[in-house]
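If you want the building blocks of each chain, they are given just below.
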Amino acid sequence: SMPARVAASFASALPPRADAVEPRALRPQPRPRAPVAQTMLDHRSAMQTLATRTILAVEDQPAARRLIYHALKDRFRLLEAGDAETAIALLEREPVDLVLLDLHLPPDLDSPQQGLEVERRVRELPREVPLVVMSANEDPALREALLARGARAFLRKPVDPERLLTLLEELLRT
């Protein structure tokens, strides 16, 4: 139509305005940010998944139990046992995803027997539950025997809280 042709020729005769906006196709497009956002979502999802995982911490020393509790409380559901009997009762009653085990438990703190009994019960569970052993015991034969029977790690006490958290996150992510 005539008015449209006049408007088109009139618009092309004018110099471009200083504040004119380029057509969208000609503007440089920002790089997509989805991968970063997706990475953050994946990380958040992984953290939420870990938060639903249950760890049984078997440790007779209250100070060591507090250290474990503070290191893990924001990432995992935590059950605590101060002796083998309590640990075994919790294993029978609760769905546990990982056991953190001190070998020297009451009544005989000089012997690893109570801890080894808990370790045996973990191995007898109907599903595989990762076991991380913590001990000040430096007996290499005991360490090797536990690892050969399926313990995922053997940590020397005192345990570094950051190292413990990193290890447990890695073990439970898989």
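Before reading further, recall that the structure is shown in the block above.
In short, a report on the structure. (Residues numbered from 1 in each chain as written. Predicted model: local features only at pLDDT ≥ 70, side-chain atom pairs only at ≥ 80, totals over all residues. Heavy atoms only, no water.)

As for helix α7 (residues 161-173)
Here α7 contains 13 residues, and its C-alpha end-to-end distance of 18 Å stays within 8% of the 18 Å for a straight helix at 1.5 Å per residue. Of all the residues in α7, the buried ones are Leu164, Leu165, Leu167, Leu168, Glu169, Leu171 and Leu172. (Helix = DSSP H or I, 4+ residues; strand = E, 2+ residues; numbered from the N terminus. Expected span 1.5 Å × (residues − 1). Buried < 20%, exposed > 50% of the residue type's maximum accessible area, 1.4 Å probe, protein only.)

So, the pairing of strand β5 (residues 153-156)
As judged from the four bridges shared by strand β4 (residues 131-135) and β5, these two strands associate in the parallel manner. Within β5, the residue paired with methionine 134 across the bridge is leucine 155. Crossover connection from β4 via helix α6 (residues 140-148) to parallel β5: handedness right-handed. (Pairing = 2+ DSSP bridges. Right-handed = clockwise from strand over helix to strand, strands pointing away.)

Some points on the pattern of salt bridges
Taken as a whole and judged by the stated rule, the model has 14 salt bridges. Between arginine 120 and glutamate 117 there is a salt bridge, with its nearest N and O atoms 2.6 Å apart. With arginine 120 and glutamate 117 both in helix α5 (residues 113-124) and three residues apart, this pair spans about one turn of that helix. Beyond isolated ion pairs, a larger network of salt bridges with shared partners links Glu92, Glu117, Arg120, Arg121 and Glu124. (Salt bridge = Lys/Arg side-chain N within 4 Å of Asp/Glu carboxyl O.)

A closer look at the sheet that holds strand β3 (residues 98-102)
The strand order β2-β1-β3-β4-β5 describes an open sheet built from five strands, whose pairing is parallel. The open sheet has two edge strands with one neighbour each: β2 (77-81) and β5. The sheet shows a mean angle of 20° between the axes of neighbouring strands, taken without regard to direction. Contacting β3 and β4, α5 runs over the sheet at an angle of about 165° to β3. (Axes fitted to C-alpha atoms, helices over the stretch in contact; angles between N-to-C directions. Contact = heavy atoms within 4.5 Å.)

Things to note about unusual backbone geometry
The omega torsion of the bond from proline 106 to proline 107 falls at 10°, within 30 degrees of zero and hence cis. In this fold, proline 107 is placed in the loop between β3 and α5.

Some points on the nonpolar core
Within the largest apolar cluster, 24 residues are counted, with the highest numbers of intra-cluster contacts made by Leu56, Val58, Val99, Leu101, Leu103, Val118 and Leu146. Counting only elements with at least two residues in this core, the list comes to β1 (54-58), β2, α4 (84-93), β3, α5, β4 and α6. Dropping the residues within four chain positions of it, valine 118 is found in contact with Ala84, Ala87, Ile88, Leu91, Leu101 and Leu105. Of all hydrophobic cores here, the second largest spans 20 residues; its members include Leu100, Val132, Ala153 and Leu164. (Core = buried A, V, L, I, M, F, W, Y, C linked by side-chain atoms within 4.5 Å.)

Some points on the environment of leucine 155
Of note, leucine 155 is situated in strand β5. Taking the C-alpha atoms as reference points, leucine 155 and aspartate 102, separated by 53 residues in sequence, lie 9.5 Å from one another.

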